[in-house]
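# Commentary on secondary and tertiary structure
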Amino acid sequence: MNVQDPSIERDYIPIADHAIIGNLRTAALVIESYCIPNFDSPSVFARILDKYKGGHFSIAPTVQFTTKQNYLPNSNILQTKFLNDEGVVNVTDFLPRHENGDSPAPSLFWLVRRVEVIRGVASLRMECAPAFNYARDEHTTEFLPDDSVQYCHQKKVRFRSPNLELDLRYVAEATLDNVPTPEVNIDYLDLLTKGHLGPAVCCNLSLVEGQRVTFILRICPEKAGTPEARPTQELADRLGIPLEVLIAGASKMRPQDDPFLSAVRDPAFCVMVLEVKVFVPQDLLEHLFRSTNQYWNNWIRKSTYDGSWREAVNRSALALKLLIYEPTGAVVASPTFSLPECIGGTRNCASWIRDSSFTLYALIRLGFTQEANAYLEFIFDRLRNKNPDGSLQIMYDLPEIELSHLDGHKGSKPVRIGNGAVNHIQLKFGRPLVHVVDHCREPDLEVRGRERHFTIMLWVAIDRGIRIVEKRSLPCPQRSAWYTARDALYEEIMTKAWNPTLKVFGQSYEETDVLDSAVLIMPLVFFMAPADPRFVSTLKQILKSPERGGLTSNNLVYRYDVAKTDDGVGGKEGTFCLCTLWCVEALTRAGEYERPLLTRAYCDDFLLYSNHVGLCTEEVSDAGDAYICVGLGNAVQGISRTHVTLISAAYNLSRTLTRLKY
């Protein structure tokens, strides 16, 4: 809980203080970052990258207040409480989902923000200031009659840009007897002097206990009625009602431009509407809320995990689920873009789609197999359009573009979309195994502009190919060549990556004096035993502080020392949560043989660095005090990042402690 004073000009909210909502099409950091309708669509709100002109949708009290924030239990619906002596306000944010994940009904591209006073009185201010196409497109703003709410003469707001139209509507209601319906008066807000390219809107609310206002921002519907919205025998059969009843009900429905009409396409709700012959927006919003909450509850109940740190594991699973693009089964690297690894620095790039396998591995560990099957279909589709040499891309992304007009988070420039590494050569990913075997002695381009023989992962690629062939009894004419290449690569790594003076495995053959915490995965991928003296020696060196030649600070682990090696990006970076959890898992495995190491597997200690709603960022910056740390990097970085590895580390540490009765 923190105290905020609205009289002070609002600054950037720390990256670690954000929470995320989503609908498996897109996601939003409430509400500082939002791309609509899909993950890869241009942003509409990006205040996290430019506090003046990035665009925002804010709701906050107009007097000093404190805040508390949490997810509803086992859900991705977010609840924020504003508290002061005069009253308590509850703001509920969600992107709607159908209760039945397999529902044929189309998705609603709505952002729902419900404001309700639950004690006393409250004065609040709502501002909606979209900045279309990464704040590059101009837009117009107009007020139009809103005929979606009966018996009320209220207006809706329409924002028009060259490629996207949004409208903002509201539903005001009283939830207690003898409490009047609140008054809502939305007006223009001029932010052009701050760099906005079109008018925003604002609203000052004075609410008392029992009053509720729900704001709905959504993509404007098509003008022409869609076939599914028309009463037909096919639709009547699917709903299980007579055609004449459907026609009678349709005559009661609202115009196609109604923001609530598309929700009627949800069969379950459509039946309810047709039965009562009345369309009540409050009932629809309550239905959407309950349906969305039930969807997340039903999904997480499928988890088979029963070990320690279950709450943290479930929250990680729910966060990872938000990164799945449901129409294709693909997994996105992050719902955000261009957040810095170091405040003021240049490390603002996105992640790699190659690590999707780690996300699916974590979900499978918890019993979620449907996501894995869907992702395989996505890969099969990519294989049908593979590169001429038979390889896949290391990522499927937009070309890298710098958005020089945005200031970056706390001045961290440049702001980028896409990823310039899309054409990097990485032998261990996306290429036919025959090609990998033939070229496994060649250097990799893991970093920008520098070829290096990096440790481990090429061996893993060949070894996994062999394991698949053996386990599935698949024909393999090159079986002997694969074994020969894998074993030769093992001997080469043990010789050329080992530094006999420092007694550590180095980052690459060329730089064995540079520690890289990526070698912590050696026992995790079965390259070598966790009790091997060479691995234990490397692990113990990594556990030392940077001042003593290690990579660990305050029980958090750096990927490598950027002062000792040039990775082509420049700038500084914080400790990697991913690497910290790799270290926890490595200590778990080595600790089975050397018990003092097991006592250093600090899973509980790491969880202190998750934010107030249980989410983790990609990195943590240590300011010299265990309690003064700032989350950095792309928030909720699920692919080969924090939440994936948290699940794996918790799973293995819990299992080990139970087996050893430790």
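Every value quoted in this text rests on a predicted model; they were computed, and no experiment measured them. (Residues numbered from 1 in each chain as written. Predicted model: local features only at pLDDT ≥ 70, side-chain atom pairs only at ≥ 80, totals over all residues. Heavy atoms only, no water.)

### Points about the overall build of the protein
This is how the line gets drawn: In this text, helices come from DSSP runs of H or I with a minimum length of four residues, and strands from runs of E with a minimum of two, each type numbered from the N-terminal end. In this analysis, two residues are considered to be in contact whenever any of their non-hydrogen atoms come within 4.5 Å of each other. Residue burial considers only the protein chains on display, and all accessible areas are found by Shrake-Rupley using a 1.4 Å probe.
Helix and strand content of the protein: 16 helices and 29 strands. For the protein, the share of sequence-separated contacts (at least 6 apart) that also reach a separation of at least 24 residues comes to 66%. When the accessible surface of the protein is split by element, carbon and sulfur atoms take 52% of a total near 28,200 Å².

### Concerning the packing of aromatic side chains
Quick reminder of the rule: Ring geometry is summarised as follows: Phe, Tyr and Trp rings, the Trp one being its six-membered ring, pair when their centres sit within 6.5 Å, and such pairs are stacked at plane angles under 30 degrees, edge-to-face over 60 and tilted between the two. When accessible area is computed with a 1.4 Å probe and restricted to protein chains, residues below 20% of their type maximum are described as buried, those above 50% as exposed, and intermediate ones as partly exposed. Definition used: whenever NZ (Lys) or CZ (Arg) falls within 6 Å of the ring centre and also within 35 degrees of the ring normal, the charge is taken to sit over that ring.
According to the stated counting rule, one finds 13 aromatic pairs in the structure shown. Measuring from centroid to centroid gives 6.1 Å for Phe45 and Phe57, while their planes differ by 50 degrees, and the two rings are tilted. Placement of the pair is Phe45 in strand β5 (residues 43-46) and Phe57 in strand β6 (residues 56-61), with a sequence separation of 12 residues. The two residues Phe45 and Phe57 agree in class, both being buried. Seen in terms of ring centroids, Tyr295 and Trp296 are 5.0 Å apart; in terms of plane orientation they differ by 75 degrees. Their pairing is edge-to-face. An aromatic cluster of at least three residues, connected via ring pairs, comprises Tyr34, Phe45 and Phe57. One residue, Arg113, lies across the ring of Phe57, its end atom 5.3 Å from the ring centre.

### Some words on the environment of Leu581
Mapping Leu581 onto the fold places it in helix α13 (residues 577-591). With relative accessibility at 0%, the residue Leu581 sits in the buried group. Spatially, the C-alpha atom of Leu581 lies 9.4 Å from that of Arg641, the residues being 60 residues apart in sequence.

### As for the confidence of the model for the protein
Defined as follows: Note: pLDDT gives the predictor's confidence per residue, expressed from 0 to 100.
The predicted model of the protein has a mean per-residue pLDDT of 82, with 77% of residues at 70 or higher. Ignoring residues within four places in sequence, the model shows residues 251-279, a span with pLDDT below 50, making 80 contacts including any to other chains. Predicted confidence is poor over residues 346-353, with pLDDT under 50, and the contacts of this stretch with residues over four places away or in other chains come to 51 contacts.

### Examining the packing of helix α5 (residues 281-300) against helix α6 (residues 310-321)
What counts here: To obtain each axis, a line is fitted to C-alpha atoms, and for helices this fit is confined to the stretch in contact; angles are then taken between N-to-C directions over 0 to 180 degrees. The cut-offs work like this: below 35 degrees is roughly parallel, past 145 is roughly antiparallel, 65 to 115 is roughly perpendicular, and the gaps in between are oblique. Left-handed describes a crossing whose near helix is turned anticlockwise from the far helix through less than a right angle; right-handed describes the clockwise counterpart. Just so you know the grouping, Ala, Val, Leu, Ile, Met, Phe, Trp, Tyr, Cys and Pro go in nonpolar, Asp, Glu, Lys and Arg go in charged, and all remaining residues, Gly too, go in polar.
Across the interface, α5 lies against α6 with an axial gap of 11 Å and an inter-helix angle of 120 degrees. Relative to α6, α5 is oriented oblique. Once α5 is placed against α6, the crossing between them reads as right-handed. Side by side, α5 and α6 meet where Tyr295, Trp296, Trp299 and Ile300 of the first sit next to Asn314, Ala317, Leu318 and Lys321 of the second. Residue classes in the contact of α5 with α6 are distributed as 6 nonpolar, 1 polar and 1 charged.

### A short note on the side chain of Ser654
Note on placement: Ser654 falls in helix α16 (residues 642-660). Overall, Ser654 belongs to the buried group, its relative accessible area being 6%. Residues within four places of Ser654 in sequence aside, it is in contact with Tyr305, Gly307, Ser308 and Trp309.

### Quick notes on the side chain of Glu32
Rules: Counting of polar contacts relies on pairs of N or O atoms within 3.5 Å, with two restrictions inside protein: one atom must be capable of donating a hydrogen and the other of accepting it, and residues adjacent in sequence are counted only when both atoms are side-chain atoms.
Summarising the element assignment, Glu32 is placed in the loop between β3 (27-29) and β4 (33-35). For Glu32, a relative accessible area of 4% gives the class buried. A polar contact is formed between the side chain of Glu32 and the side chain of Arg10, at a distance of 2.7 Å.

### A few points about unusual backbone geometry
In this chain, Ile36 is followed by Pro37 through a cis amide linkage whose omega measures 10 degrees. Relative to the elements of secondary structure, Pro37 occurs in the loop between β4 and β5. With a phi angle near 55 degrees, Tyr134 is a residue other than glycine that sits in the positive phi range. Within the fold, Tyr134 resides in helix α1 (residues 132-135).

### Notes on the nonpolar core
Soluble globular proteins tend to bury their nonpolar side chains together. Selection criterion: Throughout this description, the term nonpolar core refers to a set of buried Ala, Val, Leu, Ile, Met, Phe, Trp, Tyr and Cys residues connected via side-chain atoms within 4.5 Å.
Grouped together as the largest cluster of nonpolar side chains are 151 residues, with contacts concentrated most on Phe57, Leu168, Ile186, Phe215 and Leu539. Sorting elements by how many residues they give to this core places α13 first, with 10 residues. Discounting residues that sit within four places of it in the chain, Phe57 has contacts with Ile31, Phe45, Leu111, Arg113, Met126, Glu127, Cys128, Leu168, Phe215 and Leu217. Leu72, Phe94, Ile216 and Phe289 belong to the second-largest nonpolar core, a separate cluster that totals 12 residues.

### Let's talk about the sheet that holds β4
As a reminder of what qualifies: At least two DSSP bridges between two strands are required for those strands to pair.
Spatially, β2-β3-β4-β5 is the arrangement adopted by the 4 strands of the open sheet, whose pairing is antiparallel. The sheet is open, and its two borders are formed by β2 (20-22) and β5, each paired with just one other strand. Neighbour-to-neighbour, the strand axes of this sheet turn through a mean angle of 15 degrees, independent of strand direction. In the sheet, β2 pairs with β3 via 3 bridges, with the strands oriented antiparallel. The residue bridging Ile21 from the neighbouring strand is Ala28, located in β3.

### Topic: the pattern of salt bridges
Put simply, the test is: Criterion for a salt bridge: a side-chain nitrogen of Lys or Arg within 4 Å of a carboxyl oxygen of Asp or Glu.
What the rule picks out here adds up to 31 salt bridges. The shortest N-O distance in the salt bridge between Lys51 and Asp11 comes to 3.2 Å. Linking Lys51 in the loop between β5 and β6 with Asp11 in the loop between β1 (2-4) and β2, this pair joins segments that are 40 residues apart in sequence. For Asp487, the salt bridge is made with Arg486, and the minimal N-O distance between the two is 3.3 Å.

### Side note on the pairing of strand β13 (residues 165-174)
Taken across its 10 residues, β13 has 8 buried, putting it largely inside the fold. In terms of strand pairing, strand β12 (residues 154-160) meets β13 through 4 bridges, oriented antiparallel. Along β13, the bridge assignment pairs Arg160 with Glu165. In this antiparallel pair of consecutive strands, β12 and β13, the connection spans 4 residues. When β13 meets strand β16 (residues 211-219), the two strands line up antiparallel, connected through 9 bridges. Within β16, the position partnered with Glu173 by the bridge is Arg212.

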